[in-house]
Structure formats: C-alpha cells, structure tokens
Amino acid sequence: MKKKVLYVTAVASILLLQSCKRDYTCSCVSLNNGEYSTKDTAIENATKADAIFNCNLIEGQKQKDYIENDSKDTVKYCNLNKS
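If you're wondering where the values come from, they're calculated on a predicted model, not measured in any experiment.

Caption draft 1: The arrangement of the state of the cysteines in detail. The full count for this structure, using the stated rule, is two disulfides. A sulfur-sulfur separation of 2.1 Å characterises the disulfide bridge that pairs Cys26 with Cys55. Disulfide Cys26-Cys55: the torsion about the S-S bond is 70°, which places it as right-handed. On the criterion of sequence distance, the pair formed by Cys26 in strand β1 (residues 22-32) and Cys55 in helix α2 (residues 48-67) is long-range, its members being 29 residues apart. Here Cys26 matches Cys55 in class, with each residue buried. Across the disulfide from Cys28 sits Cys78; the S-S distance is 2.0 Å. Between Cys28 and Cys78, the S-S dihedral sits near 105°, and the bridge is therefore right-handed. Residue Cys28 is found in strand β1, and its partner Cys78 is found in strand β3 (residues 74-82); the two are separated by 50 residues along the sequence. Taking relative accessible area as the criterion, Cys28 reaches 1% and is therefore assigned buried. Shown here for the protein chain is a disulfide pattern of 1-3, 2-4, where each number marks a bonded cysteine counted in sequence order.

This is the structure in structure tokens:
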C-alpha cells in the first residue's frame, strides 16, 4: 500500500512540475560574414515542453529564412534559458 501511495505521489509531483508556467528565452547564435551574434526571443508564460517546442520552431524558421535568402545569418544553434 505504501509503495502505491509513493508512486502516485511521485507521478503527481512530476505532472505538477511539468505544468508550471514560466518565462523563457530562446537564445540563437548566428554567423554572418565571419562574425558571431546572439539574438534572444522571449517565450512568456509557457510550460517547459511548450518552450522547448517553440525554441525549436524559432531555430527552424531562422534556418528556413537563410535557405530562402530572407536572411544572411547562418543559425548555428539555439538554447532555451529560464528568464
């Protein structure tokens, strides 16, 4: 019985932590004409899973813009940070 209660408590705690909403920043490092630059994009009031998803979308859009010649910046990577 104690194991079942402990298991249910652990699962509930994990679900609660995943549903907490916070502000995040998606920081992307780009290369343009041999110079690196960083651009931050705010992701407000999001769960961690949503923030990761949105940061990946931002990175993908920046890569697409470069491929389609809408941007001269080559995105090297993007990182998600808590604000």
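Text resumes after the structure shown.
Caption draft 2: Highlighting the pairing of β1. Where β1 meets strand β2 (residues 35-46), 10 bridges bridge the pair, whose relative direction is antiparallel. Paired with Arg22 across the strands is Ala46, a residue of β2. Once β1 ends, the chain turns through two residues before running back antiparallel as β2, passing Asn33 with a positive phi of about 55°.

What counts, and where the lines are drawn
- Residues numbered from 1 in each chain as written.
- Predicted model: local features only at pLDDT ≥ 70, side-chain atom pairs only at ≥ 80, totals over all residues.
- Heavy atoms only, no water.
- Disulfide = S-S within 2.5 Å.
- Helix = DSSP H or I, 4+ residues; strand = E, 2+ residues; numbered from the N terminus.
- Buried < 20%, exposed > 50% of the residue type's maximum accessible area, 1.4 Å probe, protein only.
- Pairing = 2+ DSSP bridges.

Keep in mind that these numbers describe shape and distance, not what the molecule does.
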